[in-house]
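# Coordinate analysis (summary)
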Amino acid sequence: MGRAVSLAGIVAGIVVDIAVLASPLPVAVRAGLAPFLGGLLAGLAARTGWRALLGSLAVAVAVLIVSALYNYFQAPVEALNAINRPGFYSFIPVIVHSVSAASAGLGAYMVRTGLRGF
Amino acid sequence: MASAKRVVAGLLLLVLAVLPLIGFNATGTGRTLAFFADPLKGLWGQGLAAAPLRGELSLPGLHGRVVVVRDSYGVPHLFAENEHDLFQAFGFIQACDRLWQMDLQRRIVEGRLAELVGEPGLSSDKWMRMLGLGRVAEESWRLVVRLAEEGDEWARRTRAAVEAYTLGVNQCIDYMARTGRLPLEYRLLGVDPEPWSPVDSMAVAKLIDYVLSFNDNDLLWGLVASRTGGWVLGLYMDYAEWVYREGRVIVGKGESLYRNESLAGFRPEQPVAHPRDSVVLDYTVDLEGLGEALKGFIEAKMEAESIAAPLYWALREGFSNNWVVGGSLTASGHPLLANDPHLALTAPPVWYEVHLVSRDTGLNVYGVAFPGVPFVVIGRNQYISFGYTNSMVDVVDLYYYVWNGSKYYYNGSWLEPRRSVEEILVRRGNGYDRVELEVFETMPGRIVEFDTGAGKYRVAVKATTLMPEPIAVWAYMVNHARSVYDYLEAQRYFYSPIQNAVVADGENILYSPSGLVPIRTRLPLVDVGDGRLVPNTGFLPFNGSRAEGEWIGFLSFKDIPRLLNPGRGFVATANNMIIHNYTLDGAPVYLQWSFLDSYRWMRIAELVEEKSRGKGLTAEDMRAIQMDVKSKAAEELVPVLVALAEKAGGLGGLERKALDMLKNWDYVMDADKPEPSIAYAWLFVALNTTWSSVAEKAGLRLGYHELLHVLRLEMLEYMLKTSKGGEYLEKLTGMSPEQLASQTLRKAIEYLEKYYGSREPRDWVWGRAHRVLIAHAMGKLLPWLNYPVEPAPGGPFTVNVAPMIGLGDPVTHGPSVRLVADMAPGATGLIVLPGGDSGHPFSKYYDNQYLDWLRGVYHPVVLASDPGDVEGVVLVLNPGS
């Protein structure tokens, strides 16, 4: 049951993350809010700290893969160039998305479980 | 307790998670960072921004279908049923490839750069507002409209083409905004493009005009002569005479000028003056006073241009080559034409390669257009080919005025200048500051506000660049021309920048400087040494307060020196001297003072003559000449310097070794050889040594690129090869030619040792010091936007030009396109760009021609009239709502 909830949290996280990224919200909102919400959902649904961390990272990785594939199918050569050419700058989405989602996931889990004692 | 700690840790993690959201929204650069961080529509999604290449799109306003075939080089071939559709589609396609570049160019001219980049753009904006170039662009468009309304058929058609193009550009802007395809640069700066207008196309044309003709020569000569003495001008005059005697002129001795009394004048009509109408005044110029008046002006101009320089046009050395060969010297018996205009090498390139076909008028033209301008500027159609170099004709004058704080002194009276206030927006964070600039206008031109000498003087400018002109009509007509005579008819609409046009049709070749040549009057005398007094025909700034040097009209259209099918069989131009002692009814015509070194011209002429022997020249020969890297400068100067250095004696081992290498060198500037480095370093040091005292006195940096237009290498050659020149050399440097040669060799060797970190001359490989850097406007911040840095063959004086200032400085200037047109029936030609047609850094066409350009691999010019005859991916633009 717990595993199913964790999985559901990850799936929900992915869906929400992508929905925010694809929304017409301003870029400054989209890029910051999407990984936060995605990771948060995965973390809230997790049963252990490890699951929260890995689950929220899974959300980020999945979203990054979906984004890359979406762009690749839209314009294959150009999308590969967009990832290959900018060097360090290509890693910014990976860093921001992963760190933000993982922090949100683990943070949400810790706050949730820490609060259980009160 | 443990739980509390976990809660705190959890809260801290949540804060960390939410930091990007806060940061992206709170800081000025937040949107830019967010753009990088967004994996879906941000940096990774920028592949989508590349122009649509295939499929179908609807464009409201089209009357019929337009087929756009994108060939394997990324060049669009547009096939339309009518010109309206053709130019509308061209606007759409070109903007989808180059919108950011187009936008940047118009903003520079209109003085609106600071709206994009903030404070750093302000000095450029002030400069452009003072010149009023944006206003001139508006007037140029009004002129086209007026001519069209007055019944000028060519103007009417031009107007329709520009308006259709504008519609297409704006449809592209809407399309890109709607589909999330806006170019990367907008996303980085966090701004959106504004709609395009016909005036913006005129503004782009004016920017090119400014770059090509608005030089500092008068100013530099004024500063040099005022601090060193008028005899420096005498040196230049003697040198020019020597250049003529050596036969290094475009219109050579014995060539008959093409004169046709039935040629009509400029359109619309311009005031015509005869050179004999010039009045020479009876006093000599106070050179010291001139220097005082110009103090500060040069720095102001340099500062104003410094922002636009790295951003865009920058190193505008104005080098270019073109030559046209008549059928008597070619293998086919029909003319060949070559052109490689040398401009700043930028990513994306200055030019946009395109093929335009319209069935209704039979238009079928291939070549390069400036992004923002709807017509092919260099290229060919089925009937003629056309190419340009900068003619170096003097079309800019400076006037200094005594200024009392609010009025200027003119011819005995204090006059009130016309005043206007310009408001400049300067970007700051998410908002704008407003800066007001008061602009003054005197009788000859606009006053440049910068303080020039404790407020006592102001400087005004008069230039053909600042005149509105129907140049768009010229470009449209040239695209439709069917003979060299049609070209001449089109040239009536061309005022500035004055260019050496070479044109060929199936049978004829034409050389025709295009543009207005001012005739000045009230010319003061200048003491140029040796008791010689010559009138200041425009080579020095004028004293505006004494009403000197005012323009009374222009050389009549028919009197511009032209060559049609010259006896020599070909015409070559390379920014060198056009003609010497040109007179009309005995009165001297002042065309130019400063021209560039003749070395590229000499090599072109030599190769054309050599290769035309036997079977005659082919298009492949023309390509080979464009790629030639043998340095005529080295061939003329190095043996002289070697002999002088050996004569001087006292050479060290390393110097001896270097001399031996130079003696066995073929003067070919290959990237993998060390000899070019030795020759370059020696000539560079010799040039600096010769002119350093002059530059120092004038308060100028020798590295300032435009100074090299004034104090040049060919003058050193003159000084080393003639006895009179030797006297000048001694006056300049205090050294004999032998001393100069040996001292500068020593310094050059030290320079090379230091740069390469080796005492072994074999290590001094040219390509290690001489590399080409083609940079994007934002390339300093984001180097991955630049093209890869590569070793470059050639040098500043080779036909395949690759100039740099000192060893290791990047080559950022060179052939901005290379075109060879073959006018034989069924033949077309060859072309290559230094980059690619797309301005989108992730497009496969962003830099796909770059290495081809570097290695001299050209692709064919295509003049197919049916889309089925062109291989590539197809995009169909349909009429739609």
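Right, let's walk through the structure included here. Keep in mind it's a predicted model, so treat the numbers as computed, not measured. (Residues numbered from 1 in each chain as written. Chains lettered and ligands numbered in written order. Predicted model: local features only at pLDDT ≥ 70, side-chain atom pairs only at ≥ 80, totals over all residues. Heavy atoms only, no water.)

## Points about the overall build of chain B
For clarity, the cut-off: The helix and strand labels rest on DSSP assignments: H or I over at least four residues marks a helix, E over at least two residues marks a strand, and numbering proceeds from the N terminus. With the radius of gyration taken over C-alpha atoms, the globule rule is written as 2.2 Å times the number of residues to the power 0.38. The cut-offs for exposure are 20% and 50% of the maximum accessible area for each residue type, with area from a 1.4 Å probe on protein chains only; residues under the lower value are buried, those over the upper are exposed, and the others partly exposed. We call two residues in contact when some of their heavy atoms are within 4.5 Å. Residue burial considers only the protein chains on display, and all accessible areas are found by Shrake-Rupley using a 1.4 Å probe.
Looking only at helices and strands, chain B has 25 helices and 37 strands in total. What you see for chain B is a C-alpha radius of gyration of 28 Å, in line with the 29 Å of a compact globule of 881 residues. Taken along the three principal axes of its C-alpha coordinates, chain B extends 90 × 85 × 70 Å. Classification of the 881 residues of chain B by burial places 67% in the buried group. Contacts spanning at least 24 positions in sequence make up 74% of the contacts within chain B whose residues lie at least 6 apart. Per element, the accessible surface of chain B, about 28700 Å² overall, is 52% carbon and sulfur.

## Concerning the packing of aromatic side chains
Basically, it comes down to this: Paired rings are identified among Phe, Tyr and Trp, the last through its six-membered ring, by centres lying within 6.5 Å, and are further divided according to the angle between planes into stacked (under 30 degrees), edge-to-face (over 60) and tilted (the rest).
Evaluation of the coordinates by the stated rule reveals 45 aromatic pairs over all chains. On the numbers, 5.6 Å between centres and 55° between planes, the contact of A:Tyr89 with B:Trp784 is tilted. Here B:Trp784 lies in the loop between strand E31 (775-776) and strand E32 (790-791) and A:Tyr89 lies in helix H5 (residues 88-115), a pairing that spans two chains. With a centroid separation of 4.0 Å and an interplanar angle of 20°, the aromatic rings of B:Phe539 and B:Trp593 are classed as stacked. You can see B:Phe539 sitting in the loop between strand E23 (533-535) and strand E24 (542-543) and its partner B:Trp593 sitting in the loop between strand E29 (587-588) and helix H16 (599-612), a full 54 residues away along the chain.

## Brief notes about the nonpolar core
Here is the rule: Note on terminology: a nonpolar core comprises buried Ala, Val, Leu, Ile, Met, Phe, Trp, Tyr and Cys residues joined through side-chain atoms within 4.5 Å.
Counting residues in hydrophobic clusters, the biggest one holds 317 residues, and the most contacted among them are B:Phe87, B:Trp351, B:Trp474, B:Trp682 and B:Leu877. Those residues within four positions of B:Trp682 in sequence are excluded, and the remaining contacts are B:Leu641, B:Val642, B:Ala645, B:Leu659, B:Leu662, B:Ala741, B:Thr744, B:Leu745 and B:Ala748.

## A look at the sheet that holds strand E12 (residues 396-402) of chain B
Sheet strands associate in pairs through backbone hydrogen bonding, adopting either a parallel or an antiparallel arrangement. Residue and element names in this part refer to chain B. As a reminder of what qualifies: Strands were regarded as paired on the criterion that DSSP finds at least two bridges between them.
The mixed open sheet is built from six strands, whose spatial order is E15-E16-E17-E18-E12-E24. The open sheet has two edge strands, strand E15 (418-428) and E24, and neither has a second partner. When E12 meets E24, the two strands line up parallel, connected through two bridges. Across the sheet, tyrosine 399 pairs through a bridge with phenylalanine 542, a residue of E24.

## A closer look at the sheet that holds strand E22 (residues 523-527) of chain B
Residue and element names in this part refer to chain B. Under the convention used in this document: Lines fitted to C-alpha atoms define the axes here, with helix axes fitted over just the stretch in contact, and angles between the N-to-C directions of these axes take values from 0 to 180 degrees.
Spatially, E4-E22-E23 is the arrangement adopted by the three strands of the open sheet, whose pairing is mixed. Every interior strand has two partners, whereas the edge strands, strand E4 (280-284) and E23, have only one. Adjacent strand axes in the sheet meet at a mean angle of 35°, parallel and antiparallel pairs treated alike. Both E4 and E22 contribute to a ladder of two bridges, which runs parallel. Opposite valine 280, over in E22, you have leucine 523 as the bridge partner.

## Overview of the environment of B:Asp666
All names here are of chain B. Put simply, the test is: The definition of a polar contact used here is a pair of N or O atoms within 3.5 Å, where within protein one atom must be able to donate a hydrogen and the other to accept one, and adjacent residues in sequence count solely through side-chain atom pairs.
Among the secondary structure elements, aspartate 666 is positioned in the loop between helix H19 (653-663) and helix H20 (675-698). A relative accessible area of 40% places aspartate 666 in the partly exposed class. Excluding its chain neighbours within four sequence positions, the residues that come into contact with aspartate 666 are Lys630 and Lys673. A polar side-chain atom of aspartate 666 sits 3.1 Å from the main-chain amide nitrogen of valine 668. A distance of 3.1 Å separates polar atoms of two side chains, one belonging to aspartate 666 and the other to lysine 673.

## Topic: the layout of surface pockets
Residue and element names in this part refer to chain B. Our working rule: Think of a 1 Å grid over just the protein atoms. A cavity is a set of points where a 1.4 Å probe fits yet cannot get out, a pocket is an open set with protein on both sides within 12 Å along at least five of seven lines, and lining residues have an atom within 4 Å of a point. Grid points are joined across faces, edges and corners, and a volume is the space filled by probe spheres set on the points.
The calculated volume of the second largest pocket comes to roughly 820 Å³. Residue lining of the second largest pocket: 31 residues in total, with Thr537, Pro588, Val589, Tyr590 and Gln592 positioned closest to the centre. Of all the elements, helix H11 (residues 231-245) adds the most residues to the lining of the second largest pocket, at five residues.

## Observations concerning the pattern of salt bridges
Residues and elements named next belong to chain B. Here is the rule we go by: Each salt bridge in this description consists of a side-chain nitrogen of Lys or Arg and a carboxyl oxygen of Asp or Glu lying within 4 Å of one another.
What the rule picks out here adds up to 65 salt bridges over all chains. Two residues, arginine 156 and glutamate 153, come together in a salt bridge whose shortest N-O distance is 2.7 Å. Linking arginine 156 with glutamate 153, this pair stays in helix H7 (residues 153-178), spanning three residues, or about one helical turn. Here arginine 156 falls in the partly exposed class, since its relative accessible area comes to 41%. Residue glutamate 153 is classed as partly exposed on the basis of its relative accessible area of 41%.

## Some details on empty space enclosed by the protein
All names here are of chain B. Using the following cut-off: Side-chain classes are defined by residue name, with Ala, Val, Leu, Ile, Met, Phe, Trp, Tyr, Cys and Pro counting as nonpolar, Asp, Glu, Lys and Arg as charged, and the others, Gly among them, as polar.
According to the stated counting rule, one finds ten cavities of 30 Å³ or more in the structure shown. In this structure, the largest cavity spans a volume of roughly 340 Å³. Lining the largest cavity are 27 residues, and of these Ile208, Phe370, Val377, Ile471 and Trp474 lie nearest its centre. The dominant element in the lining of the largest cavity, judged by the number of residues it contributes, is helix H9 (residues 198-213), at six residues. Residue composition of the lining of the largest cavity, by class: 19 nonpolar, seven polar and one charged.

## Section: a nonpolar patch on the surface
What counts, and what does not: The patch calculation keeps residues exceeding 30% relative accessible area without a salt bridge and links them within 9 Å when they carry like charges or within 5 Å when they are nonpolar (Val, Leu, Ile, Met, Phe, Trp, Tyr).
Taken together, the side chains of A:Phe88, A:Phe91, A:Ile95, A:Val99, B:Val15, B:Leu16, B:Leu19 and B:Ile22 make up a nonpolar region of the molecular surface, amounting to roughly 740 Å² of accessible area. Listing elements by their share of the nonpolar patch, those giving two or more residues are H5 of chain A together with helix H1 (2-26) of chain B. Mapped onto the fold, A:Phe91 is located in helix H5.

## Let's talk about the interface of chain A and chain B
Our working definition: Buried area is understood as the total, over both parts, of accessible area removed when two parts are fitted together, assessed with a 1.4 Å probe.
Between chain A and chain B, the contact holds 47 residues from the first and 40 residues from the second. Both sides of the chain A and chain B interface together cover about 3800 Å² of buried area, and 71% of this is carbon and sulfur. Of all residues in chain A, the largest losses of buried area upon contact with chain B belong to A:Glu78, A:Arg85 and A:Tyr89, amounting jointly to 16% of the total for that side. Here chain A is connected to chain B by two salt bridges. Between B:Asp847 and A:Arg85 there is a salt bridge whose closest N-O contact spans 3.7 Å. Where chain A packs against chain B, one counts eleven residue pairs in polar contact (both at pLDDT 80 or more). Every element with two or more residues in the side of chain A that touches chain B is listed here: helix H1 (2-22), helix H2 (27-45), helix H3 (49-74), helix H4 (76-84) and H5 of chain A. A total of 20 residues in the side of chain A that touches chain B trace back to one element, the largest contributor, which is H5(A).

## Observations concerning H19(B)
Residue and element names in this part refer to chain B. Inclusion rule: Note: the arc covers the axis-to-C-beta directions of the helix.
Turning to H19, its buried residues are Leu654, Glu655, Ala658, Leu659, Met661 and Leu662. Down the axis of H19, the buried set is contained in an arc of 160°. They therefore lie on one face. As for H19, its buried residues are in contact with helix H18 (632-648), H20 and helix H23 (737-756).

## Details of the packing of H20(B) against H23(B)
All names here are of chain B. Here is the rule we go by: Note that the term roughly parallel is reserved for angles under 35 degrees, roughly antiparallel for angles over 145, roughly perpendicular for angles of 65 to 115, and oblique for everything else. Whether a crossing is left-handed or right-handed is set by the direction in which the near helix is turned from the far one by less than a right angle, anticlockwise for left-handed and clockwise for right-handed.
Where H20 contacts H23, the two axes come as close as 8 Å, and the packing angle between them is 125°. Here H20 is positioned oblique relative to H23, judged by the angle of their axes. Our pair here, H20 against H23, has a crossing hand that is right-handed. Contacts between H20 and H23 involve Ser677, Ile678, Ala681, Trp682, Phe684, Val685, Ala686, Thr689 and Thr690 from the former and Leu740, Ala741, Thr744, Leu745, Lys747, Ala748, Tyr751, Leu752 and Tyr756 from the latter. Of the residues contributing to the contact of H20 with H23, the split by class is 13 nonpolar, four polar and one charged.

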